[in-house]
Amino acid sequence: MATTAASGPTPSAGPHEGSPLPAPLPAPQPAPGSPRQPAPISRLGIAAVVVTVVLWASAFVGIRAVGPSFSPGSLTLGRLAVAAVVLGLLVVPKLRGLPRGREWWPILAYGVMWFGGYNVALNAAEHMLDAGTAALLINVNPILVAVMAGVILKEGFPRWLIIGSLIAFGGVAVIALGSGQRSTADVAGVLLCLLAAALAAVSVIVQKPVLRKFPAAQATWFGIMVGAVCCLPFSGQLITELQSAPLPATLGLVYLGIFPTAIAFTTWAYALSLIDAGRLAATTYLVPGTTILISWLVLGEIPTIWGLVGGVICLVGVGLTRRRSR
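Treat the numbers as computed from the prediction; the structure is a model and nothing was measured. (Residues numbered from 1 in each chain as written. Predicted model: local features only at pLDDT ≥ 70, side-chain atom pairs only at ≥ 80, totals over all residues. Heavy atoms only, no water.)

Right, let's get into the overall build of the protein. Scanning the protein for helices and strands turns up 13 helices and zero strands. The secondary structure elements of the protein, listed N-terminal to C-terminal, are α-α-α-α-α-α-α-α-α-α-α-α-α. By the burial criterion, 46% of the 326 residues in the protein qualify as buried. When contacts within the protein are restricted to residue pairs at least 6 apart in sequence, long-range pairs at least 24 apart make up 90% of them. (Helix = DSSP H or I, 4+ residues; strand = E, 2+ residues; numbered from the N terminus. Buried < 20%, exposed > 50% of the residue type's maximum accessible area, 1.4 Å probe, protein only. Contact = heavy atoms within 4.5 Å.)

Right, dumping it as structure tokens:
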């Protein structure tokens, strides 16, 4: 018959009686509410960010250069068509399956908003604004991304984010004020740039979870294809304008499709798969300055004093959003 162990504490074994080794102490955990320390960025991630910034900056200049030959919708369709073919040559041979069911919803969302709506709005804005001013206004996008990443992606919502956002929006108001003193058409350009920035910001948040399931190139190609389908109503306009466009303008459209679209959006998606959305968006603060430099060298455009002052205020504001709260 089995015996029942007596209740009560069991005497501990001595050091020479086969006692097990003491359990290791648990690793110290960060205090609740403390900010999460970001992981270090790999060299490939840094290279992807640099490529994205330079090529996106060149896009503002390229759009401005080919704008007289192509209307906003046809330019968007042509750019996406070139990107779809070039990137498709790399993606399709390695594609083992398409998204299923609900996996399509975020892809459709950023495909329509970013590759379709953003590009049409930006192209239309650059018919009214110079490349540097347009880039400065689009620079509101990182602030919006940081705010939404803090709320939706739980990346944090520090005090300096609010302070910096208010200052940066003040800079946008300065740019808009200066534009309004020149013509009402420029005000429309400012509003179109702000619309483009909002569409891009929402798209970044929507795209982030997609990159956990699909490689960067595939996620980008899916979005490009969705955007191209949305722009198909501009097909007739694109064909007509291609027939009359000078060769440099057509080559510029091809450049926009290959480099700032197929390559830069892929390197962006790759970096986004490695880096928090808010932190990555901060790197695009370098785009306006790069755009102004390229625009000055290629087009001879220099932003107005209002654009420069407002742009500096924007940069100060977005710089403050990166400060850590103690």
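You can see Asn-119 is positioned in helix α3 (residues 104–125). Judged by its relative accessible area of 2%, Asn-119 falls in the buried class. When residues no more than four places from it in sequence are discounted, the contact partners of Asn-119 are Thr-76, Arg-79 and Trp-114.

Moving on, we come to the nonpolar core. Generally speaking, nonpolar side chains in soluble globular proteins are found buried as a group. Ranked by size, the top nonpolar core spans 79 residues in total, and within it Phe-60, Phe-70, Trp-114, Tyr-118, Ile-138 and Ala-277 carry the most contacts. Ranked by residues supplied to this core, first place goes to helix α1 (residues 43–66) with 11 residues. Those residues in contact with Trp-114, other than ones at most four positions away along the chain, are Trp-56, Asn-119, Ala-200, Ser-203, Val-204, Gln-207, Phe-265 and Trp-268. (Core = buried A, V, L, I, M, F, W, Y, C linked by side-chain atoms within 4.5 Å.)

Below, the discussion takes up the side chain of Ser-74. Here Ser-74 lies in helix α2 (residues 72–91). In contact with Ser-74, not counting residues within four places along its chain, are Phe-234, Gln-237, Leu-238 and Glu-241.

Across the protein, the average pLDDT comes to 81, with 81% of residues at or above 70. Within the model, the stretch residues 1–39 combines pLDDT values under 50 with nine contacts to residues more than four positions away or in other chains. (pLDDT = per-residue confidence, 0-100.)

At a minimum axis distance of 7 Å, the contact between α3 and helix α8 (residues 216–230) shows a crossing angle of 65°. It follows from the interaxial angle that α3 and α8 lie roughly perpendicular. As for the relative orientation of α3 and α8, their crossing is right-handed in sense. For the pair α3 and α8, contact is made by Ile-107, Leu-108, Tyr-110, Gly-111, Val-112, Phe-115 and Gly-116 and by Ala-219, Thr-220, Phe-222, Gly-223, Ile-224, Val-226, Gly-227 and Cys-230, respectively. (Axes fitted to C-alpha atoms, helices over the stretch in contact; angles between N-to-C directions. Parallel < 35°, antiparallel > 145°, perpendicular 65-115°, else oblique. Left-handed = near helix turned anticlockwise from the far one by under 90°.)

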